[in-house]
Amino acid sequence: MSRENKLFGDKAFELLKDLERSSQTIPAFDDDGVRQVLEEIKAIFEENVAQASSYNSSGDRSLWPLLNYRHAALQRNKRCLLAYLYERSKRIKALRWEFGPIIPGDIKQALCEPEVQFFNNYSKSLAAYMCIAGCSQGQGIDLTNNLRPPKSLYIEVRCMEDYGKFELDDGELIHLKKNSQHYLPRAQVESLVRQGILQHIA
Amino acid sequence: MNFFPNYYSIEDIFVTQEKVECKVNTKLQRMGFLDAGAEGDDLEPGRSINLPLWYIKELKVNNAYFTVSVPDIYKNVHKAVCEAETTHIELGRLHPYFYEFGRYLTPYDRNHVIGRIIFETMRQRVRHLLDISKNDGQMAKSELRLDNIETKLHEAGVRTNTQYINWLQMTGNKILISELVEEHQKKRKRDRSDDEGDSLPSSKRVTL
């Protein structure tokens, strides 16, 4: 056993520390870190198996504490890894609610392939659920809309960036140019406000 | 904030990463790697080593291998608790997870005071916490004053207070930009100005 791997479990903890430090949006998936932890787990497991089998044949209990310690380290690594993945999946779910069905490119780069898959599946399930939820009215309900009770049908908004054309439900086309102001139906522009393209001013 | 931490709780993992000082009771073969000052491969009895909580937790309280010694911070707080002066303690400096760490250590405390100490400390401080939360978060934000749980309570208090005031003034009706999006935009802006600072035509610039 080499001395430099000291107490075990430090790498796995590092993963979580980096994740915590990065506040809300998601940091890049740490491929390398995860692989190192998996390797550590494998190494511990193999050593333990070797020792356990020698214990079975000789019945020598003197190495028992060591076996115990390594087993705890293995469990610890596993817990850290799973918590890392779980926390990321929680943030990915939040992305769907906050950013809508399309992830901005730079955030997408931070996800690994299975995570993109997970996002797509989650998005699909949510869409399917929203269809069923409004079934009695004959159409789906967008659950990401109307997060606060609406006080008026129309709201005044200012455009924060050049967005381009935007078509309302009745077919009217609106040019959303930076700094232009509009009086628009609340229900149709809420998501644009949430995404920071429009600002609600009155 | 988690009194019954689940398996995935990152906070609980942070707490259990803390090191506890232990005394070795028996010779433990080939475990010398736990002791930075050890010469041989084995762990000799009588030595004091720091072990992570996640390992201690797995052992029985009165196991034959190690004796856990309770950190001094809890002894030091004891006096303040008796004199009801805990609001002045910089709890965050003593330990960032004062309460949760203490909870894990209670079984190892032979005098059975830690449990009472952390309970009393919280009881005496929570009133003060309420006061500073009402103060709109303007209290000289010294992070060392509060431990992890208290910081969270403080944040929740400030947030609730603002929401209540917004409701009273009827200003909460506007649709707001989502917090995640806002943070993301700020970050992008920062990156962008960094890129221009480098004066390199960056291909990294992201379009929506």
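Residues numbered from 1 in each chain as written. Chains lettered and ligands numbered in written order. Predicted model: local features only at pLDDT ≥ 70, side-chain atom pairs only at ≥ 80, totals over all residues.

### Some points on the domain arrangement of chain A
And step 1. Partitioning chain A into structural domains gives domain 1 (3–133) and domain 2 (154–200).
And step 2. In this structure, domain 1 of chain A and domain 2 of chain A have C-alpha centres spaced 41 Å apart. (Domains from an automatic or database assignment.)

### Considerations on the sheet that holds strand β3 (residues 66–68) of chain B
Residue and element names in this part refer to chain B.
And step 1. Reading across the sheet, the three strands line up as β2-β1-β3 and stay open at both edges, with antiparallel pairing between neighbours. Edge strands, defined here as strands with exactly one partner in the open sheet, are β2 (48–52) and β3. Each neighbouring strand pair of the sheet contributes to a mean axis angle of 45°, computed without reference to strand direction.
And step 2. Here five bridges tie strand β1 (residues 19–24) to β2, and the two strands are oriented antiparallel to one another. If you follow C22 over to β2, its bridge partner there is I49. (Pairing = 2+ DSSP bridges. Helix = DSSP H or I, 4+ residues; strand = E, 2+ residues; numbered from the N terminus. Axes fitted to C-alpha atoms, helices over the stretch in contact; angles between N-to-C directions.)

### Side note on the domain arrangement of chain B
Residue and element names in this part refer to chain B.
And step 1. Per the domain assignment, the segments making up chain B are domain 1 (7–69) and domain 2 (70–173).
And step 2. Opposite the nine residues of domain 1 that make contact, domain 2 presents eight residues.
And step 3. In the side of domain 1 that touches domain 2, the residues fall into five nonpolar, one polar and three charged. (Contact = placed C-beta atoms within 7 Å. Nonpolar A, V, L, I, M, F, W, Y, C, P; charged D, E, K, R; others polar.)

### Considering the interface of chain A and chain B
Interface size is commonly expressed as the accessible area that is lost once the parts come together.
And step 1. If you look at the interface, chain A gives 38 residues, while chain B gives 30 residues.
And step 2. Contributing elements (two or more residues each) for the side of chain A that touches chain B: α1 (10–21), α3 (64–99), α4 (105–108) and α6 (186–194) of chain A.
And step 3. With 14 residues, the top contributor of residues to the side of chain A that touches chain B is α3 of chain A.
And step 4. Partitioning the side of chain A that touches chain B into residue classes produces 17 nonpolar, nine polar and twelve charged.

### Re the packing of helix α3 (residues 72–82) of chain B against helix α6 (residues 114–134) of chain B
Residues and elements named next belong to chain B.
And step 1. Contact pair α3 / α6: the axes reach a minimum separation of 10 Å and the direction vectors enclose 55°. Judged by the angle between their axes, α3 and α6 are oblique. Here the hand of the crossing between α3 and α6 comes out left-handed. Touching Y74, V77, H78 and V81 of α3 are I114, I117, E120 and T121, all from α6.
And step 2. In terms of residue class, the contact of α3 with α6 is made up of five nonpolar, two polar and one charged. (Parallel < 35°, antiparallel > 145°, perpendicular 65-115°, else oblique. Left-handed = near helix turned anticlockwise from the far one by under 90°.)

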